Amino acid sequence: MGLLSLGTPLAWDEAKKYADHVRSHGITQFLHIWDRVKDRCGDELLWGDEIEYMVAIFDDQEKSAKLSLRQTEILTKLQKIVDDIASDRGESASVPTFHPEYGRFMLESTPGSPYTGEIRDLLSVERDMRYRRHLARKYLKPNEVPFTMTSFPRMGVPGVFTEPYYDPIDAVSSHSLFLPEEITNPHARFPTLTANIRRRRGSKVAINLPLFIDTHTPRPFVDPTIPWQRNIYPEDPEAKNGAALNDHIYMDAMGFGMGCSCLQITFQACNITEARRLYDALIPVAPLMLALTAASPLWRGYIADVDSRWDVVSASVDDRTEEERGLKPLKENRFRIPKSRYASVSLYISEYWMNQPAYNDIEAPHDPAIFERLRKHGVDELLSRHIAHLFIRDPLVIFSESIDQDDTTSNDHFENIQSTNWQTLRFKPPPANSPIGWRVEFRPMEVQMTDFENAAFSVFIVLLSRAILHFNLNLYIPISKVDANMARAQKRDAVHSQKFYFRKDVFPPGPSQPSSLASSCPSTPVSEHGGPILVNGINGKEKKLRNCYPLPPKPDDANPSGAVEDEYEEMTMQEIMNGKGPAFPGLLNLVYTYLETLDMDDESAREIEAYLDLIRQRTNGTLRTAASWIRNFVRSHPAYKFDSVVSQEINYDLMVAVDEIERGLRKVPDFLPEHRCPRK
C-alpha cells in the first residue's frame, strides 16, 4: 500500500506547507520519466497478482474468532523463511514475497517474479497462490489461519475482537469510537496517514452502510453499540450530532476501509499507447467485476444491505474538506472535488480514435497550472488532464528526510500523490531508472475465499485483456454510466438484481464488421495494414499470450453519426457475459474465441475451462457470489435471531466454515463447482 519510507513523518499542519513542493517536484519527476521512456516499445507481457490476507485466531473453547495482531512478528518469520528458500534454490526470483499492509492483522503476498504470457504461467497462478498460503499458514500458530476474506465481520464490535485486546479509548490517530490504535500497522506511515486524513478533513471520516432490515430488526434502527456519550476526543460528539445515520451501520475510521482485503492484477504493456488503450478498455469492466466478486456483506457485527467494500473504503480515506465536498463555498480550498481519493476513474486517457470527447462527461477538476506545464513540455492533452486531475490532491504523508530529492533519479514525490489516488484502475508510469515498462493495475475486485476462485478471476481478467487487444474491441461508454454501474454493483445480489450500462456493439466499424462472432474474430492478430501477423513463421496459432498488437488505422466510416446514448443500453449480467444479439457476443464468448487463437494442449484447455466455468455459473446464478453465500450462511444459522446481528458464535462458525471450504474439507455445491479440486 504505497510507499513505506523510513524517516520522520510530518503532522498535517507541518506537512501541508510542503504540498506545493511535492506537487511541483512530483511533476518534474514524471517529466523526467516521460522524456526517458515515452517512446519505449516492445515490452513483453508480464503480469502479477496481489492478494491480501487477514490472520484470525480461534478459541475453540469460547467459540470465538478474533483478529491476530502479530503482523510484525509473522512477517519477520516469513522473511527469514523466504530468504532461506531463496538461498537453498540459489535464486530468489521464484520465491513469493510478503509485505505489510495497513492493518496489523493483514499480510500482502505477490509472486516472486512476474508471470509471462506462457500458457504454463497462466496455469501456475493457482499453484502459486496455494504455495503462498501454505507458507503463511505453516509459520503461524496452530490456531491461527490466513483468510482471504474481504472484511472481518465483527471488527469494531464492543468488547474483544482482537488478540491481544486493546481499548479504543487510546485511538490517538483515528479518534475512533470502535477501533484501537493498535489495530494499525505501527510503521510511521500508517498512523500518520490516518491522523492526517482526519486533520485535513476537519472531522473524522463518516461511513454509513444501509443496514439489512430483517424480520426482527428494530425500526427505526438506532445502533445500541455506539458509545454515544463518550467524551474523550473533540470528535466524539460527531456520531450523535448527525454523522451516524439511523438504519445504517456507522463506522468512523480509516481502518474499516483499509483493513479490507482485495485482489489486484497488474499488467505490463508493450508501450504507453497500449497501456492507455488497455486502461480505458477496462474502465467499463471494473463495476462488473466488483459485482461478480462481491464478498463483504457483514460489517461491525451487522448484516449490511450491500455486498461489497467499495463505498466503505472510499469513505474511510475521504480527506476532502467541507468546501471540497460542496457543503460550503470555496474559501480556503481551490477546488470542489466530486469524489473521494478512493473512487472510480473519472477520465479516459487513450488517444485512439475510439475515445470520443463525449465519453468524458463528468466533472473532473484539474490543476490548470500543472496542466499547462505538462502541455508545454509536450505531453498530450488527455494525459496532461489525467495527471493534473490526480494532482489536485494534497500529499498526505511527507517524511522530513525526503523533502528534497534528486528528481532525475527518484519518483517518490510523484508516487506520493499517484499512489494515494486509489481508483478502480491505475495507470502506472515506469519507476525511475527501472527496466519495468508502462503498466495498468486493475483494482476493483474483492478477494475470494479460495485460491481456486482468486486464480479464476485473475486468469479471466488476463484473458479478457488479451481479447480486447486482439480483436480491437470498443467498450467505451460515458464515464457517468460507469459511475452509475459502480453504485449498482454494490447493491445486494447485484449480479442478478441489477442491470448495467454496456456498449451494444463492441466491434469497430468497417466493411469487415461482423455479422456473427465467428466471422468477426480473426484467428490471428491483424497488423496495422490489415494483414495477418505471422506467428512462429507461419500463419497459425500463437504459443503464448502477448503484447504489442498494432492498432488498425481509423476506418473511413468511424465518425460517430448518432447520439452517444444510442451506443449503449442497460443489460443484465447474463447478457453482458454471454451475449445479446449478433453485434455483442458477450465477454465470456470473446474470451473463448480468443482462446481458439492459442496453441495449447487439451489438458491446459480443460484447466482454463474450469476457471471460466466458475465465472459462467456465478453469472447465471447456478453458483452464489461469496457475499450471497455468506449472507445465507448467517441467516440460516440456528443462533441467528433475524435481527441483523452477527453474534460471536455465528462469526466463529462462519470463519470455521470458510477455512474448511478453502482446505477442501467442506462441500458447498451452491458456491463452488463440483470439479474444483481440494487444496493439496
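Quantities reported herein were computed from a predicted structural model and do not represent experimental measurements.

**Q** Honestly, the packing of aromatic side chains in this entry has me stumped. Any pointers?
**A** Describing an aromatic ring pair means giving the distance of the ring centres and the angle of the ring planes. Scanning all chains against the criterion turns up 24 aromatic pairs. On the numbers, 5.9 Å between centres and 80° between planes, the contact of Y501 with Y568 is edge-to-face. In this pair, Y501 is assigned in strand β16 (residues 499-503) and Y568 in strand β17 (residues 568-572), connecting sequence segments 67 residues apart. One exposure class covers both Y501 and Y568, and it is buried. One aromatic cluster is present, built from ring pairs that chain together F30, W34, F391 and F414. One residue, R631, lies across the ring of F212, its end atom 5.4 Å from the ring centre.

**Q** Can you walk me through the confidence of the model for the chain in this structure?
**A** Low pLDDT marks stretches whose predicted atomic positions should not be read closely. Summary statistics for the chain give a mean pLDDT of 93 and a share of 93% for residues scoring 70 or more. Ignoring residues within four places in sequence, the model shows residues 511-539, a span with pLDDT below 50, making 50 contacts including any to other chains.

**Q** Quick question: what am I supposed to make of the side chain of R201 here?
**A** With respect to the helices and strands, the residue R201 is situated in helix α6 (residues 189-201). Classification of R201 by relative accessible area gives buried; the value is 10%. Aside from chain neighbours lying at most four places away, what touches R201 is A206, D318, D319, R320, T321 and R325.

**Q** In this structure, what is going on with the pattern of salt bridges? I would like to understand it.
**A** Summed over all chains, the structure comprises 54 salt bridges. A salt bridge links R133 to E662, with the shortest nitrogen-to-oxygen separation between them at 3.1 Å. Residue R133 is located in helix α5 (residues 125-138), and its partner E662 is located in helix α23 (residues 648-662); the two are separated by 529 residues in the primary sequence. Each member of the pair, R133 as well as E662, carries the same accessibility label: buried.

**Q** Hey, could you run me through the state of the cysteines in this one?
**A** Every disulfide links exactly two cysteines, by a covalent bond between their sulfur atoms. Inspection of the entire model under this criterion finds one disulfide. Between the sulfur atoms of C270 and its disulfide mate C548 the distance is 2.2 Å. Disulfide C270-C548: the torsion about the S-S bond is 95°, which places it as right-handed. With a gap of 278 residues between them, C270 in the loop between β9 (263-268) and α9 (272-282) and C548 in the loop between α18 (517-520) and β17 connect regions that are remote in the sequence. Under the relative-accessibility criterion, C270 is labelled buried at 2%. With no disulfide of its own, C41 lies 3.8 Å from the sulfur of C270, the closest cysteine sulfur. For C41, a relative accessible area of 54% puts it in the exposed group. Sulfur of C260: no disulfide; nearest cysteine sulfur belongs to C262 and is 8.6 Å away. Note on C260: relative accessible area 7%, which makes it buried.

**Q** Help me understand helix α2 (residues 19-37), please; the structure alone is not making it clear to me.
**A** In an α-helix there are 3.6 residues to a turn, and that puts residues three or four apart on one side. For α2, spanning 19 residues, the distance from its first C-alpha to its last is 27 Å, which sits close to the expected 27 Å at 1.5 Å a residue. Taken together, the buried positions of α2 are occupied by A19, V22, R23, G26, I27, T28, Q29, F30, L31, I33, W34 and V37.

**Q** Would you mind going over the nonpolar core with me for this structure?
**A** Grouped burial of nonpolar side chains is what soluble globular proteins tend to show. Core analysis: the biggest nonpolar cluster contains 207 residues, and F267, F442, F460 and W629 have the highest contact counts within it. For this core, the leading source of residues is helix α15 (residues 451-470), giving 13 residues.

**Q** I tried to follow the packing of helix α22 (residues 626-636) against α23 on my own but got confused; where do I start?
**A** When two helices pack together, their arrangement is given by the angle between their axes and by how far apart the axes lie. One way to put it is that α22 packs onto α23 with a least axis distance of 10 Å and a crossing angle of 135°. When the axes of α22 and α23 are compared, the pair comes out oblique. When you trace α22 past α23, the crossing you get is right-handed. On α23, the residues that touch W629, I630, F633 and V634 of α22 are I650, D653, L654, A657, V658 and I661. When its residues are assigned to classes, the contact of α22 with α23 shows nine nonpolar, no polar and one charged.

**Q** I would appreciate a short explanation of the packing of α2 against helix α12 (residues 368-376) in the present structure.
**A** At a minimum axis separation of 11 Å, α2 and α12 run at an interaxial angle of 20°. The orientation of α2 with respect to α12, classified from their angle, is roughly parallel. The element α2 and its partner α12 pack so that their crossing is right-handed. When α2 is examined against α12, the residues R23, S24, I27, T28, F30 and L31 are found in contact with a partner set consisting of I370, R373 and L374. By residue class, the composition of the contact of α2 with α12 is five nonpolar, two polar and two charged.

Basis of the calculations
Residues numbered from 1 in each chain as written. Predicted model: local features only at pLDDT ≥ 70, side-chain atom pairs only at ≥ 80, totals over all residues. Heavy atoms only, no water. Phe/Tyr/Trp six-rings, centres within 6.5 Å; stacked < 30°, edge-to-face > 60°. Helix = DSSP H or I, 4+ residues; strand = E, 2+ residues; numbered from the N terminus. Buried < 20%, exposed > 50% of the residue type's maximum accessible area, 1.4 Å probe, protein only. Lys NZ or Arg CZ within 6 Å of the ring centre and 35° of its normal. pLDDT = per-residue confidence, 0-100. Contact = heavy atoms within 4.5 Å. Salt bridge = Lys/Arg side-chain N within 4 Å of Asp/Glu carboxyl O. Disulfide = S-S within 2.5 Å. Expected span 1.5 Å × (residues − 1). Core = buried A, V, L, I, M, F, W, Y, C linked by side-chain atoms within 4.5 Å. Axes fitted to C-alpha atoms, helices over the stretch in contact; angles between N-to-C directions. Parallel < 35°, antiparallel > 145°, perpendicular 65-115°, else oblique. Left-handed = near helix turned anticlockwise from the far one by under 90°. Nonpolar A, V, L, I, M, F, W, Y, C, P; charged D, E, K, R; others polar.

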